[in-house]
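A look at the structure
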Amino acid sequence: MSTHVKKPGWFTVNVFNRAVAWITRRGISVWGSRVLAVRGRKSGEWRTTPVNLLTVDGRHYLLAPRGHVQWTHNMRAAGGGELRLGKNVDEFTATEVADDDKVPLLRAYLKRWKAEVGVFFNGVGPDSPDADLRRIAPDHPVFLISLKS
C-alpha cells in the first residue's frame, strides 16, 4: 500500500477547512461538501473533517486527494461513519475501491474539483491518459459510500 500523504498547511487547517466545515454545518454545501464524522481507530472518539462527496452513476464516493491521511485510516478501521450537512446526518458503511477501479472516479473527481485539489495529483488531471490515472491510484484512497436506510 502507498504511504503517500500531502499534509495540509496552517492556512488550510486553521482557516479554509474550518470555514468550509462551518458553512457545511449550517446546511450549505460548497460544491458537494459534507462534514465527515468517523470514529478514531485508537480513541473511539468522533473525528470530523470537511470532504467532497462525489456522485458517479448514482453512487456516492469519498476520495482522499491528500492521500493516506488520518480519516482514511479511521475509515478502514470503522467501516463507515456519518456524512453531515446542516442538521441532516446520513449514516453509512464504506467499502474501499480497488486501485484498478479508481480511474473513472479519479477522472470525475478531478473534473469537478481540479481547481481546489489538483495540486495533490502530481500533474495528473481530468484529461490525462488512463495510464497516468492508474499510476497515481494507489496514492488516493477511494471509498464507496452506502447510506443506511
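As a reminder, the structure under discussion sits directly above these lines.
Quick look at the structure, then. Just so we're clear, the structure is a prediction, and the values are computed from it rather than from any experiment.

**Topic: the sheet that holds strand S6 (residues 142-147)**
The sheet built from six strands closes into a barrel, its strands ordered S1-S2-S3-S6-S5-S4 with antiparallel pairing. Sheet twist, expressed as the average angle between the axes of neighbouring strands with direction ignored, equals 45°. Helix-sheet contacts for helix H2 (residues 70-78) involve strand S1 (33-39), strand S2 (46-56), strand S3 (59-63), strand S4 (80-85), strand S5 (88-96) and S6, and the interaxial angle to S1 is about 55°. This element, helix H3 (residues 103-117), spans S2, S3 and S6 of the sheet and lies at about 115° to S2.

**Some remarks on the environment of Leu 83**
Looking at the secondary structure, you find Leu 83 in strand S4. With a relative accessible area of 2%, Leu 83 lands in the buried category. For Leu 83 and Ile 28, which are 55 residues apart along the polypeptide, the C-alpha to C-alpha distance reads 13 Å. The residues contacting Leu 83, other than those within four sequence positions of it, are Arg 34, Val 35, Leu 36, Val 51, Leu 53, Leu 62, Asn 88, Val 89, Asp 90, Phe 92 and Ile 145.

**A look at the pattern of salt bridges**
Between side chains of opposite charge, a pair can form as their charged atoms come close. Taken as a whole and assessed by the stated rule, the structure comprises six salt bridges. Of the charged contacts, one joins Glu 96 and Arg 76 as a salt bridge, the two residues approaching to 2.8 Å between their closest N and O atoms. With Glu 96 in strand S5 and Arg 76 in helix H2, the pair connects residues that are 20 residues apart, well separated along the chain. With relative accessibility at 36%, the residue Glu 96 sits in the partly exposed group.

**Details of the packing of aromatic side chains**
Working definition: an aromatic ring pair is given by the centre-to-centre distance plus the angle between the planes. Per the counting criterion, the structure on display carries two aromatic pairs. Taking 4.8 Å as the distance between ring centres and 50° as the angle between the ring planes, the aromatic pair formed by Tyr 109 and Trp 113 counts as tilted. Of the two residues, Tyr 109 and Trp 113 are both situated in helix H3; the distance of four residues between them amounts to about one turn of the helix. Like Tyr 109, the residue Trp 113 is buried in the burial classification. Sitting above the plane of the Trp 46 ring, Arg 84 keeps its charged end 5.7 Å from the centroid.

Criteria and thresholds
Residue indices follow the written sequence of each chain, beginning from 1 at its first position. A pLDDT threshold of at least 70 governs which residues receive local features in this predicted model, and a stricter bar of 80 or more applies before side-chain atom pairs are shown or counted, although totals over entire chains, interfaces and linings include all residues. Side-chain figures throughout are based on the complete set of non-hydrogen atoms in the structure, without hydrogens or water. When DSSP finds at least two bridges between two strands, those strands are taken to pair. Going along the chain from the N terminus, every DSSP run of H or I of four or more residues is numbered as a helix, and every run of E of two or more is numbered as a strand. Helix axes use the C-alpha atoms of the stretch in contact, all axes being lines fitted to C-alpha atoms, and the angles between their N-to-C directions lie in the range 0 to 180 degrees. We call two residues in contact whenever any of their non-hydrogen atoms come within 4.5 Å of each other. For every residue, the accessible area obtained with a 1.4 Å probe (protein chains only) is divided by the maximum for its type, and the residue is called buried under 20%, exposed over 50%, and partly exposed between those limits. Whenever a carboxyl oxygen of Asp or Glu lies within 4 Å of a side-chain nitrogen of Lys or Arg, that contact is scored as a salt bridge. Side-chain rings of Phe, Tyr and Trp (the six-membered ring for Trp) are treated as a pair once their centres are within 6.5 Å; stacked means planes under 30 degrees apart, edge-to-face means over 60, and tilted covers the remaining angles. We call a charge positioned above a ring when the Lys NZ or Arg CZ atom is no farther than 6 Å from the ring centre and deviates by at most 35 degrees from the ring normal.

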